[in-house]
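Notes for the structure review
These are the residues of each chain, in order.
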Amino acid sequence: MSNYVVAMEAAWLVRDVEESDDAIGVAVSEAGRRLNDQDLDYVEVEAGVTGCPACGEPLDAAFLAAETALVGLMLELTVFNADSEEHASRIAKSEVGGALRDVPLEVIEVVEEPEDGE
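One structure accompanies this document, and this report is about it. (Residues numbered from 1 in each chain as written. Predicted model: local features only at pLDDT ≥ 70, side-chain atom pairs only at ≥ 80, totals over all residues. Heavy atoms only, no water.)

**Topic: the environment of Leu100**
- Along the chain, Leu100 turns up in the loop between helix H2 (85-99) and strand S7 (105-112).
- Exposure remark for Leu100: the relative accessible area of 1% places this residue in the buried category.
- Sequence separation between Leu100 and Gly32 is 68 residues, and the spatial gap between their C-alpha atoms is 9.9 Å.
- Every residue in contact with Leu100, bar those within four places of it in the chain, is listed here: Trp12, Ala31, Arg34, Leu35 and Leu75. (Helix = DSSP H or I, 4+ residues; strand = E, 2+ residues; numbered from the N terminus. Buried < 20%, exposed > 50% of the residue type's maximum accessible area, 1.4 Å probe, protein only. Contact = heavy atoms within 4.5 Å.)

In structure tokens, the structure reads:
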């Protein structure tokens, strides 16, 4: 059994905001609060990044229209003693999904941590 770092992307809806920076702050704060309420304070939450379709430069993953924003969040956690990458993905989605009900989640990367002896 190995330990895996699992990175997921979440789509967070924020209402009544006028700027994307405000939307990102609200999304990160709300997600962190909901995770902490479920004793999942080991999940790291940060604003997601997407590439500009024209130039490829990284941009904050937030789209704002009619004072409503869709914010992409990155969530990362370590899953201990999983059988495989797929098993670690299922564990991570189950843990985080239980706290963030009705929030779309997608596993985007699973990396096996090296063993201590290596």
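**Remarks on a negative patch on the surface**
- Together, Asp16, Glu18, Glu19, Asp21, Asp22, Asp60 and Glu67 give the surface a local cluster of negative charge.
- Along the chain, Asp22 falls in helix H1 (residues 20-37).
- Classification of Asp22 by relative accessible area gives partly exposed; the value is 43%. (Patch = residues over 30% accessible without salt bridge, like charges linked within 9 Å, V, L, I, M, F, W, Y side chains within 5 Å. Areas by Shrake-Rupley, 256 points an atom, 1.4 Å probe, with all protein chains shown as cover. Salt bridge = Lys/Arg side-chain N within 4 Å of Asp/Glu carboxyl O. Lys, Arg positive; Asp, Glu negative; His and termini not counted. Charge placed at Lys NZ, Arg CZ, Asp CG, Glu CD.)

**Some details on H2**
- The end-to-end C-alpha distance of H2 is 22 Å, a good match for the 21 Å that 15 residues give at a rise of 1.5 Å each.
- Among the residues of H2, those classed as buried are His87, Ala88, Ser89, Ala92, Val96 and Ala99. (Expected span 1.5 Å × (residues − 1).)

**Observations concerning the pairing of strand S5 (residues 62-65)**
- Where S5 meets strand S6 (residues 68-82), four bridges bridge the pair, whose relative direction is antiparallel. Across the sheet, Ala62 pairs through a bridge with Val71, a residue of S6.
- Once S5 ends, the chain turns through two residues before running back antiparallel as S6, passing Ala66 with a positive phi of about 55°. (Pairing = 2+ DSSP bridges.)

**Focus: a nonpolar patch on the surface**
- A cluster of nonpolar side chains, Leu13, Phe63 and Leu70, forms an exposed patch at the surface whose accessible area comes to about 320 Å².
- Mapped onto the elements of the fold, Leu13 is located in strand S1 (residues 2-15).
- On the accessibility criterion, Leu13 (44% relative accessible area) is partly exposed.

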